[in-house]
Amino acid sequence: SPHQSNVTSSGAIIVAIISLEAFAGMWINAFIVCVLCIGWVRKKTLNSNEKILLLLGCSRISYLCFAWVYNFLYLLYPNYLEVLNIHQLLTLFETLFNYSNLCVSACLCVFYCIKIANFRNSFFNYLKVKIDRMVPWLLLLSGVSAFAMGIVTYDLTETMQSNNITVTCLGNPWDASKRMEKHFIISFFLVGSGYISSFLAVIFSAVLLLFSLWRHKCKMQTNSMKDLSMDAHIRAMKSILSFLVMYSINFICSVLKIIYVMMNESIIIDLIYVYLYAFPGVHSLILIFSNPKLEKALLKILSCVKCE
């Protein structure tokens, strides 16, 4: 029918856009992972910043891969999602790696804040000394939290599907909807609290680093001198503020996605996915140009390509 052909054509356009964004994001993050792994092999060690960037790159590659497969099937071949719990499994892995991406990104902002900001506070100075030892535990906590969010999402998806079957077979929509509403509120609270906690970590890191930069700038103007700490502040602030803007939009889009999934507004969901797919690649580009090692490697590759 004409309606089905329009849906198919619009789905194909959305798939083309998100495919371009997903593969571009995977290549960008694969570049980060390759550069860090090559440096790891040569130096036999990774510093804390590189550990966070390596896990962040791997999380984003995995997220874009599973999310692209899910949306490709959802938009063009929805019947395949009902085979052998493929829908639940893809949702599990997409949520796991997406939440890991957001948590590790928040860890990176906190790491920049503690390493670069200057405050005359005993607890803050203690964190500055211990942060390198804390990074592996923060990354482990991020992984455990991401896995928990994936399990919650998997359970929610399975409950929604089983309730649809119950309503269809038994014809008892009132009890099913009440159970679904209660289960959804609990799941939404758990997932939302995870997103909000990582979002607040990014906000506090940006505010503290901005305040530290302002104090440091006033001090340097008073003493009529400059130092390398100012440059480090400014580089970190450019990275964190750009990420804060993108993270805020990403947070709003994630909340809207959940709302419009409930309302079954597929067109709005598709538009939201266009931004969500662009986020990992664009932010990774910002990280590359704010990291001298990654920027040098990228410029070296570009110069070799240009010469050829």
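Definitions and limits used
- Residues numbered from 1 in each chain as written.
- Predicted model: local features only at pLDDT ≥ 70, side-chain atom pairs only at ≥ 80, totals over all residues.
- Heavy atoms only, no water.
- Axes fitted to C-alpha atoms, helices over the stretch in contact; angles between N-to-C directions.
- Helix = DSSP H or I, 4+ residues; strand = E, 2+ residues; numbered from the N terminus.
- Parallel < 35°, antiparallel > 145°, perpendicular 65-115°, else oblique.
- Left-handed = near helix turned anticlockwise from the far one by under 90°.
- Nonpolar A, V, L, I, M, F, W, Y, C, P; charged D, E, K, R; others polar.
- Salt bridge = Lys/Arg side-chain N within 4 Å of Asp/Glu carboxyl O.
- Buried < 20%, exposed > 50% of the residue type's maximum accessible area, 1.4 Å probe, protein only.
- Phe/Tyr/Trp six-rings, centres within 6.5 Å; stacked < 30°, edge-to-face > 60°.
- Patch = residues over 30% accessible without salt bridge, like charges linked within 9 Å, V, L, I, M, F, W, Y side chains within 5 Å.
- Areas by Shrake-Rupley, 256 points an atom, 1.4 Å probe, with all protein chains shown as cover.
- UniProt positions renumbered as here; feature names shortened; annotations may be inferred.
- Core = buried A, V, L, I, M, F, W, Y, C linked by side-chain atoms within 4.5 Å.
- Contact = heavy atoms within 4.5 Å.
- Polar contact = N/O pair within 3.5 Å; in protein donor to acceptor, adjacent residues only side chain to side chain.
- Expected span 1.5 Å × (residues − 1).

**A word on the packing of helix α2 (residues 48–76) against helix α3 (residues 86–116)**
Alright, step 1. Axis separation between α2 and α3 bottoms out at 8 Å; the angle between their running directions is 150 degrees. Viewed along their axes, α2 and α3 adopt a mutual orientation that is roughly antiparallel. You can see that α2 and α3 cross each other, and the crossing is left-handed.
Alright, step 2. Of the residues contributing to the contact of α2 with α3, the split by class is 19 nonpolar, 10 polar and 2 charged.

**Here's the deal with the pattern of salt bridges**
Alright, step 1. In total, this model carries 3 salt bridges according to the counting rule given.
Alright, step 2. Measuring nitrogen to oxygen at the nearest pair gives 3.1 Å for the salt bridge that ties Glu50 to Lys293. Taken as a pair, Glu50 in helix α2 and Lys293 in helix α8 (residues 292–307) lie far apart in primary sequence, 243 residues in all.
Alright, step 3. Looking at Glu50, the relative accessible area reads 6%, which means it is buried.
Alright, step 4. Overlapping salt bridges, with partners in common, bring together Lys43, Glu50 and Lys293 in one network.

**Details of unusual backbone geometry**
Alright, step 1. Positive phi outside glycine occurs at Lys44, with the angle close to 65 degrees.
Alright, step 2. By the secondary structure assignment, Lys44 is in the loop between α1 (2–43) and α2.
Alright, step 3. When its relative accessible area of 67% is taken as the criterion, Lys44 is described as exposed.

**Describing the packing of aromatic side chains**
Alright, step 1. The tally for this structure, following the rule as stated, stands at 6 aromatic pairs.
Alright, step 2. Taken together, a centroid distance of 5.2 Å and an interplanar angle of 25 degrees make the contact between Trp68 and Phe72 stacked. With Trp68 and Phe72 both in helix α2, this residue pair falls 4 residues apart, about one helical turn.
Alright, step 3. Arranged with centres 6.4 Å apart and planes meeting at 50 degrees, the rings of Phe111 and Tyr112 form a pair that is tilted.

**Re a nonpolar patch on the surface**
Alright, step 1. Together, Trp137, Leu140 and Val144 make up a nonpolar patch on the protein surface, roughly 360 Å² of accessible area in all.
Alright, step 2. Its place among the elements puts Leu140 in helix α4 (residues 122–170).

**Some thoughts on the UniProt feature "transmembrane region" (unreviewed entry) in the protein chain**
Alright, step 1. What UniProt calls "transmembrane region" (unreviewed entry) maps, in this numbering, to residues 12–41, 53–76, 96–114, 135–154, 184–211, 240–260 and 272–290.
Alright, step 2. Between the C-alpha atoms that bound residues 135–154 there is a distance of 28 Å. The span itself is 100% helix and 0% strand.

**Re the nonpolar core**
Buried together is how nonpolar side chains tend to be arranged in soluble globular proteins.
Alright, step 1. Core analysis: the biggest nonpolar cluster contains 51 residues, and Phe31, Ile52, Leu108, Val202, Tyr247 and Ile288 have the highest contact counts within it.
Alright, step 2. If you list the elements that add at least two residues to this core, you get α1, α2, α3, α4, α5 (173–223), α6 (228–263), α7 (266–290) and α8.
Alright, step 3. A per-element tally of this core places α3 first, with 12 residues.

**Structural notes on the side chain of Glu94**
Alright, step 1. On the secondary structure map, Glu94 appears in helix α3.
Alright, step 2. Of the residues examined, Glu94 reaches a relative accessible area of 6% and is grouped as buried.
Alright, step 3. Discounting residues that sit within four places of it in the chain, Glu94 has contacts with Tyr63, Phe66, Ala67, Tyr70, Lys257 and Tyr273.

**Topic: the environment of Tyr247**
Alright, step 1. Residue placement: Tyr247 occurs in helix α6.
Alright, step 2. On the accessibility criterion, Tyr247 (1% relative accessible area) is buried.
Alright, step 3. Separated by 44 residues in sequence, Tyr247 and Ile203 have C-alpha atoms that sit 9.5 Å apart.
Alright, step 4. The residues touching Tyr247, leaving out its near neighbours within four places in the chain, are Leu102, Ser105, Ser198, Phe199, Val202 and Phe279.

**Overview of the side chain of Ser284**
Alright, step 1. You can see Ser284 is positioned in helix α7.
Alright, step 2. By relative accessible area, which is 1% here, Ser284 ends up buried.
Alright, step 3. Here the side chain of Ser284 touches Pro280 through a polar contact of 2.7 Å, landing on its backbone oxygen.
Alright, step 4. Apart from residues no more than four positions distant in its own chain, Ser284 is found in contact with Ile28, Asn29, Ile32 and Arg60.

**A short note on α3**
Since the α-helix advances by 3.6 residues per turn, residues separated by three or four positions end up pointing in the same direction.
Alright, step 1. Taking 1.5 Å as the rise per residue, α3 with 31 residues should run 45 Å; its terminal C-alpha atoms sit 45 Å apart, in good agreement.
Alright, step 2. A large share of α3 lies buried, amounting to 26 of its 31 residues.

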